[in-house]
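Letter by letter, the chains look like this.
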Amino acid sequence: MNSETKILIIEDEQPICRFLNVLIGGHDYQVKTADTAKQGLQITANWSPHLILLDLGLPDLDGINLIHELRSWTNTPIIVISARELESDKVASLDAGANDYLTKPFGREELLARVRVALRLANQDSVTAPLRFQMSDITIDLALKQVTRDSESIKLTKTEYNILKYLCKNAGKVLTHKQILKEVWGNNYTEHTHYVRIHIAQLRRKLERDPAQPKHIVTETGIGYRLNELVAD
Ligand code: CA
């Protein structure tokens, strides 16, 4: 789908905008750029990009407000690219509906990998989404609701399974504590961050070779968790 894939960069710093344009455009994506939120909204409405790369510090509108604005009418994936290192900004962006977050300076390969993940997740609907995943020696089968290690069943509680399923469906993407709480426990529990911590620790004890150095369920400090990309079976 690459050469058909349209990516909009909303960024007011010209050197970064040029760098992104060359990097993204050099990988067979179609690129347009906007240097204000207003222009970004207009291009999004008229051109319908498949993905938006968004800087938070724009001259005319704060990027987090722009995410809220965009999310009121479009599901186009948004990757925030920002110099802001504050965890609260990352969490606010993700909770507002951004799909991912990268802090400047970032690596080229890192950015391209996140772009691919966001496009893949946006592309898969419930029919095409894979139901079986491989995570080292562990197989997760969402159709059979089974988690096995070398064909031996691993017993998960309902809550552990629901968290794992949500992480699998969003493999490669960072999920905030709030998003996990909302999905697994419901809207009334979004402040109970310790619920997530406790259950993630239990999941790691059951799934990770070394739960103290998790390779699969990775902590995004102060933000949430990311399940490293899996092999879909
Ligand atoms: Ca800026």
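It should be emphasised that the depicted structure is a prediction, and the values quoted were computed from it without experimental measurement.

Some thoughts on the sheet that holds strand E12 (residues 224-227)
Then step 1. Read from one edge to the other, the open sheet built from three strands follows the order E10-E12-E11, with strand pairing classed as antiparallel. The open sheet has two free edges, formed respectively by strand E10 (174-176) and strand E11 (217-220), since each of these has just one partner strand. Going across the sheet, the axis of each strand differs from the next one's by a mean of 30°, ignoring polarity.
Then step 2. The strands touched by helix H7 (residues 177-184) within the sheet are E10 and E12, with E10 carrying the most contacts at an inclination of about 75°.

Considering the domain arrangement of the protein chain
Then step 1. The assigned domain composition of the protein chain is domain 1 (2-126) and domain 2 (132-232).
Then step 2. Between the C-alpha centres of domain 1 and domain 2 the distance comes to 26 Å.
Then step 3. Each partner contributes to the interface: domain 1 provides twelve residues, whereas domain 2 provides 14 residues.
Then step 4. In this assembly, domain 1 packs against domain 2 so that about 1100 Å² is buried in total across both faces, 53% of it on carbon and sulfur atoms.
Then step 5. Joining domain 1 to domain 2, the criterion identifies one salt bridge.
Then step 6. Of the charged contacts in the structure, one is a salt bridge between Asp100 and Arg226, with a shortest N-O distance of 3.6 Å.
Then step 7. Linking domain 1 with domain 2 are three residue pairs in polar contact (both at pLDDT 80 or more), by the criterion used here.
Then step 8. Take the side of domain 1 that touches domain 2: its biggest share by element is five residues, from helix H4 (residues 87-96).
Then step 9. Split by residue class, the side of domain 1 that touches domain 2 holds four nonpolar, two polar and six charged.

Here's the deal with the pattern of salt bridges
Then step 1. Summed over the entire model, instances satisfying the criterion amount to eleven salt bridges.
Then step 2. Across the salt bridge formed by Lys104 and Asp55, the nearest N and O atoms sit 3.5 Å from each other. Placement of the pair is Lys104 in the loop between strand E5 (100-103) and helix H5 (108-123) and Asp55 in the loop between strand E3 (51-54) and helix H3 (63-71), with a sequence separation of 49 residues. The residues Lys104 and Asp55 share a single accessibility class, namely buried.
Then step 3. The salt bridge partner of Asp100 is Arg114, with a shortest N-O separation of 3.2 Å. Linking Asp100 in strand E5 with Arg114 in helix H5, this pair joins segments that are 14 residues apart in sequence. In this structure, Asp100 and Arg114 share a single accessibility class: buried.

So, how was this worked out
Along each chain, residues carry numbers from 1 onward, in the same order as the chain's sequence is written. Whole-chain, interface and lining totals are the exception, using all residues; otherwise, since this is a predicted model, local features are given only for residues with pLDDT of at least 70 and side-chain atom pairs are given and counted only at 80 or more. Side-chain metrics rest on all non-hydrogen atoms present in the structure, leaving aside hydrogens and water. By the convention used here, strands pair only if DSSP detects at least 2 bridges between them. Here a strand is any run of E in DSSP of at least two residues, a helix any run of H or I of at least four, and the numbering for each starts at the N terminus. Axis geometry follows a simple rule: fit a line to the C-alpha atoms, using only the stretch in contact for helices, then measure angles between N-to-C directions, giving values from 0 to 180 degrees. Only heavy atoms enter the contact rule, under which two residues are in contact if any of them lie within 4.5 Å. What marks off one domain from the next here is an automatic or database domain assignment. A simple way to read buried area is as the amount of 1.4 Å-probe accessible surface that goes missing from two parts once joined, with both sides added. Salt bridges are defined by distance alone: a side-chain nitrogen of Lys or Arg within 4 Å of a carboxyl oxygen of Asp or Glu. Definition of a polar contact: a pair of N or O atoms within 3.5 Å, with one able to donate and the other able to accept a hydrogen when the atoms are protein atoms, and with sequence-neighbouring residues admitted only if both atoms are side-chain atoms. Gly is put with the polar residues, along with every residue not named as nonpolar or charged; the nonpolar set is Ala, Val, Leu, Ile, Met, Phe, Trp, Tyr, Cys and Pro, and the charged set is Asp, Glu, Lys and Arg. Throughout this description, buried means an accessible area under 20% of the type-specific maximum (1.4 Å probe, protein chains only), exposed means over 50%, and partly exposed covers the range between.

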